[in-house]
Amino acid sequence: MDFIQLSGDAKLLAGKAILSFEERSAYLLDKQIQQDLSKDLYGGIAIANLSKAMYVEASNQSLVRSAEWFKHPHLYGRDPQGESDFAAIKLIRALYQFESVGLLEEQTCSAIRNFYLHDDFESKYKSENHMLLFHTSRYLAAQKFPLECFKAYGKEGRELLEEEGNFLRDYLVFRAKRGWAEFDSSSYMPEVMECLLCLYDYANDPELVKLARMMLDVLLLDMVCDSLDGLYGGAHGRIYAPVALDHARSGTFPMYELYFGHSYRAMIQAPCLIAAICSSYRPSQQIYEIALGRTKVYVHQESKHLHCITCETPHKQLPQEDGSINKYTYYTPRFIMGAVNYQDAYAPGSEAGWYAHHQQHQWDLSFPEATDLKIFSHHPGNHGTEGSEHGYWTGDLGCGCGHFFGEKNVVMAMYQIPETQAMHWIHVHVPRDAFDEVEEEGNYLFLRKSGVYICLFIHNGYNWTTEGEFAGREVISHGRRNAIICEVGDDRTYEDFASFRRMMLLNRLDFDSVRMQLTYCSFQVGELSMNQTMRTVQGETVIFPYPTYNGPYMVSAFNSGVIEVRSNGNKVIYDFNQITIKHE
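Just so it is clear, the structure is predicted and the values come from calculations on it, not from any experiment.

J.: Just checking my understanding: could you explain the layout of surface pockets for this structure?
T.: One water molecule sets the probe size; rolling that probe over the atoms shows where empty space is left. Empty space within the second largest pocket amounts to approximately 290 Å³. If you go around the second largest pocket, you meet 19 residues; those closest to its centre are Gln-343, His-357, Gly-400, Gly-402 and His-403. Those elements that provide at least two residues to the lining of the second largest pocket are β7 (336-343) and β10 (402-407). The biggest single contributor to the lining of the second largest pocket is β7, with four residues. In the lining of the second largest pocket, the residues fall into seven nonpolar, nine polar and three charged.

Okay, here's the thing in structure tokens:
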């Protein structure tokens, strides 16, 4: 991708945001201070309180309860072995941050020590965030107690310290090369950030500290490149229905406010990651400039590796899969949209293949006027004990019936729903009342928000949901084989909304439901075509995998581990192989 100049005031805006960081931090911290800690499941509220030396006794009691994780029933009736690592990462921060300043009582320190030295705090879940939480907290605990025996693992701290240090270094380099499997997850990125922030603040290994700092920069910049004023747009790995329906419910939403600021402070619902507020880490000025100085339209491509869910466990390690998940995001100052443009299948017989499309959000169109002004389609299901692995609004686990293709201001989707699935229909989230105009013509649904126009074509037709929770913001389309096209225009390209509608009706489209082939000829973009294995633009086949990062501000060849960050004539190279940051 060609470099795109930032606005002339990018440096000024960055400087102001950096200077106001402490104000934003104090605001978000104050929102988390609570005297009642009865629902402080992992210890985060206690850490917030102790950060301001408030409710010290009650906060210590809360941390003791968290440290006695396996002695008490889970507050919400869940298996304690599922979230023991969530408690572990909070407890290690509490120990490092507050023991030396006298805010932890002797009973608290003893309880935390016993938790690490006696309990098996590895989660029963082996997904990416859980394994990083486990390895990070075990590394920092081993560093704290090098001569003690960790009874659940039969090793002294110094042995685990070496093992986990080697693992974490390899882990971060791999993800710099191939991306994160729970990619751009606005639900689980905070957990990854929490681990990196703890390593940055407390690891004694200078290389690991630097790797953590480098990855923090990369993750934040990746989020920035896919965000419009704090709205983390496009496709995502592993999110939940409330997040899919409203950006304000995501864990990254308050984090964006903390680091860069956005226009929706009053809308923040989720607590901000306490580790981010407490950490000494700050993004580089270059990242601030990119976050606040983007005024031009651009494309940001990414490639993420297929998740081998068992590869990070200390007990059973399988090789990583060779395939990739290819994400495409189209940024404009007026909307942001994107999709998973192609996802490789797992190898036949793969032990990891069952995990495909778990809680995945395949495409999304978001507008800056409101955090819940979002459009996306989905095949609903109810797979797994949690439901959201293939749930009503997110995920496609055990089905994999959707295929998607985004190119600039167009997203195409096809669905081939197996007979064995319970729901032989798809739906689209469309918050009708939030739009200024809504027009319907046959299988076309047209919407206007200010000077932005949206065309939704739903091949099998649709009906509005008129009752229940999603009345007036859901359309349902029946049939096991279906196709959707979403195109966005604006008043700079079309004379008015009526002109946009007329032109959309003239665009040629064809859906062959037998061959599963969808072709669309757009006035703005040209001819786009897709089937289950190929995507073409103007007859040219799109090559996958994409680079690990490919946009005007981030460039990295797939599997290289070298990430180039560019802005206004400045180039910074993050080389994870050499663990260096080079300014050019």
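J.: Mind showing me how you'd approach the sheet that holds strand β20 (residues 517-522) here?
T.: Spatially, β19-β20-β21-β22-β23 is the arrangement adopted by the five strands of the open sheet, whose pairing is antiparallel. Across the chains shown, the open sheet's two edge strands, defined by having one partner strand only, are β19 (508-512) and β23 (540-541). In this structure, β20 lies alongside strand β21 (residues 526-530), joined through five bridges in antiparallel fashion. Note on β21: the bridge partner recorded for Ser-522 is Gly-526.

J.: Just checking my understanding: could you explain unusual backbone geometry for this structure?
T.: A cis geometry characterises the amide bond from Phe-544 onward to Pro-545, with omega recorded as 5°. The backbone of Met-516 shows a phi angle near 55°, a positive value even though the residue is not glycine. At Asn-559, a position not held by glycine, the phi torsion is positive, near 70°. Its location among the elements puts Asn-559 in the loop between β25 (554-556) and β26 (562-567).

J.: How should I be thinking about the packing of aromatic side chains in this particular structure?
T.: Each aromatic ring pair is summarised here by two numbers: the centre-to-centre distance and the angle between the ring planes. Here the structure, examined in full by the defined rule, presents 39 aromatic pairs. Taken together, a centroid distance of 5.0 Å and an interplanar angle of 25° make the contact between Tyr-96 and Tyr-202 stacked. Residue Tyr-96 is found in helix α5 (residues 80-98), and its partner Tyr-202 is found in helix α9 (residues 189-202); the two are separated by 106 residues along the sequence. Classification of Tyr-202 by relative accessible area gives buried; the value is 15%. Their ring planes at 65° and their centres at 5.1 Å tell us that Phe-544 and Tyr-546 sit as a pair that is edge-to-face. According to the relative accessible area criterion, Phe-544 is partly exposed, its value standing at 21%. Under the relative-accessibility criterion, Tyr-546 is labelled buried at 5%. Clustering of aromatic rings is evident, with ring pairs tying together Tyr-444, Phe-446, Tyr-453, Phe-457, Tyr-494, Phe-497, Phe-500 and Phe-523. Cation over ring: Arg-175 sits above Tyr-171, and NZ or CZ is 3.9 Å from the ring centre.

Reading the values: the criteria
- Residues numbered from 1 in each chain as written.
- Predicted model: local features only at pLDDT ≥ 70, side-chain atom pairs only at ≥ 80, totals over all residues.
- Heavy atoms only, no water.
- 1 Å grid on protein atoms, 1.4 Å probe; cavity = no way out; pocket = protein on both sides within 12 Å on 5 of 7 lines; lining within 4 Å.
- Points joined across faces, edges and corners; volume = space filled by probe spheres on them.
- Helix = DSSP H or I, 4+ residues; strand = E, 2+ residues; numbered from the N terminus.
- Nonpolar A, V, L, I, M, F, W, Y, C, P; charged D, E, K, R; others polar.
- Pairing = 2+ DSSP bridges.
- Phe/Tyr/Trp six-rings, centres within 6.5 Å; stacked < 30°, edge-to-face > 60°.
- Buried < 20%, exposed > 50% of the residue type's maximum accessible area, 1.4 Å probe, protein only.
- Lys NZ or Arg CZ within 6 Å of the ring centre and 35° of its normal.

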